[in-house]
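Letter by letter, the chains look like this.
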Amino acid sequence: MRLLTFTLISALSLMAVDFSTRYDVNVGMFGKVGYADVTLKEDFEHYEMRLVAKTTGTAATLTGDRVETYISKGQRKEGKYIPDSFVKIKKTTREERRQTYTFDHQEKKIMLLEEQTKLVSGTEFDTVSFKLVKVDTTEHSADTSTLETYNENDLLSSYLNTRQSCNAEQKEYSLLAVGAHNDKKDITLSFLDGLQKDTAGSSFSEGTANIYKLHVQPIDKEDKSIDVLIAFDNDGHMKEALLGDVFWVGEIKAERVYHRLSSR
């Protein structure tokens, strides 16, 4: 689910207007395993982008009803998205981890607040039944720090800015963003054309305008690199994303099932 969440984030839009979109996530032999709701609200000075990814069915049972939420808020200047804050939340039925990044672009610093809340199982003696009974207690921790390196983008703002960085003229874009990956992992987005586009296009439904390839180089050299194909329609928004056959589970695909655009 983490990879598909990252894929959806990285492929949201090259034409930034207000939108509300839902993608279903399907995995080969398992069918639908989850969905992601994506929204963008903006005016001439500010923006807020949110992605909420949820597991469903058997996948939800196996992951403890896992929900991942990503929120980027900030300013718009000269057509560019500049984040003031970025929040990552990963939640299950028994645990929630929240990371809040606050940007100081003038001082080129990023503060991180990490909070974790979890249920811890234990036992206590019940004086009524005279038995040991299972009880859950809530534990909370918080820690603040300053990131060692500064980056002007977070995971969501980076991809909102992609349209300026990856296109027919500039065909490859190296991704560096807070919340996306660490410095040891190479992630690039490539604009496909010619034969590469024609070949990739056979994997998607009709109505595809542009196709991109998201390439993720693993940290561990023994692991395989990951390539995800991303198809956009004529309004500049992601229509489908495809990760080819994965060992024993089959093809992983995200398909748009709802899409609404609006302008201010």
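Residues numbered from 1 in each chain as written. Predicted model: local features only at pLDDT ≥ 70, side-chain atom pairs only at ≥ 80, totals over all residues. Heavy atoms only, no water.

Another aspect to go through is the overall build of the protein. The helix and strand inventory of the protein stands at four helices and 14 strands. Burial status across the protein gives 39% buried among its 264 residues. If you take every contact in the protein between residues at least 6 apart in sequence, the share linking residues at least 24 apart comes to 48%. Entry remark: accessible area of the protein is about 14800 Å², with carbon and sulfur atoms responsible for 49%. (Helix = DSSP H or I, 4+ residues; strand = E, 2+ residues; numbered from the N terminus. Buried < 20%, exposed > 50% of the residue type's maximum accessible area, 1.4 Å probe, protein only. Contact = heavy atoms within 4.5 Å. Areas by Shrake-Rupley, 256 points an atom, 1.4 Å probe, with all protein chains shown as cover.)

Take the nonpolar core next. Core analysis: the biggest nonpolar cluster contains 44 residues, and Leu 214 and Ile 230 have the highest contact counts within it. Within the second largest apolar cluster, six residues are counted, among which are Ala 200, Ile 211, Ala 231 and Leu 242. (Core = buried A, V, L, I, M, F, W, Y, C linked by side-chain atoms within 4.5 Å.)

Of the strand pairs in this sheet, strand 7 (residues 109-126) and strand 8 (residues 131-146) are connected by 16 bridges, and their pairing is antiparallel. Its bridge partner lying in strand 8, Thr 117 is registered against His 140. Two successive antiparallel strands, strand 7 and strand 8, enclose a turn made up of four residues, where Phe 130 displays a positive phi of approximately 55 degrees. (Pairing = 2+ DSSP bridges.)

Pairing between strand 3 (residues 46-55) and strand 4 (residues 67-77): nine bridges, direction antiparallel. Residue pairing in the sheet places Lys 54 in a bridge with Val 67 of strand 4. Bridge analysis of strand 4 against strand 5 (residues 80-91) gives 11 bridges, and the strand direction is antiparallel. Counterpart to Gly 74 in the pairing with strand 5 is Pro 83.

You can see Glu 42 is positioned in strand 2 (residues 31-42). Side-chain polar atoms of Glu 42 contact the side chain of Tyr 81, separated by 2.7 Å. (Polar contact = N/O pair within 3.5 Å; in protein donor to acceptor, adjacent residues only side chain to side chain.)

Inspection of every chain in the model, using the stated rule, returns four aromatic pairs. Ring geometry for Tyr 47 against Tyr 81: centres 5.2 Å apart, planes inclined by 85 degrees, an arrangement best described as edge-to-face. Here Tyr 81 lies in strand 5 and Tyr 47 lies in strand 3, a separation of 34 residues in the sequence. Each of the two residues, Tyr 47 as well as Tyr 81, counts as buried. Between Phe 191 and Tyr 212 the ring centres are 5.4 Å apart and the planes differ by 85 degrees, which places this aromatic pair in the edge-to-face class. Remark: Tyr 212 occurs in strand 11 (residues 210-217) and Phe 191 occurs in strand 10 (residues 186-192); sequence separation between them is 21 residues. Taking NZ or CZ as reference, Arg 22 lies 4.0 Å from the ring centre of Tyr 35, over its face. (Phe/Tyr/Trp six-rings, centres within 6.5 Å; stacked < 30°, edge-to-face > 60°. Lys NZ or Arg CZ within 6 Å of the ring centre and 35° of its normal.)

A word on the pattern of salt bridges. Scanning the entire structure with this criterion turns up 14 salt bridges. The residue Glu 48 makes a salt bridge to Arg 50 at a minimum N-O spacing of 3.0 Å. Taking the shortest distance from any N to any O, the salt bridge between Glu 152 and Lys 80 comes out at 2.9 Å. Here the residue Glu 152 occupies a position in the loop between strand 8 and helix 3 (155-160), and Lys 80 occupies one in strand 5, the gap between them amounting to 72 residues. Of the residues examined, Glu 152 reaches a relative accessible area of 38% and is grouped as partly exposed. In this structure, a network of salt bridges that share partners links the residues Lys 91, Glu 96 and Arg 98. (Salt bridge = Lys/Arg side-chain N within 4 Å of Asp/Glu carboxyl O.)

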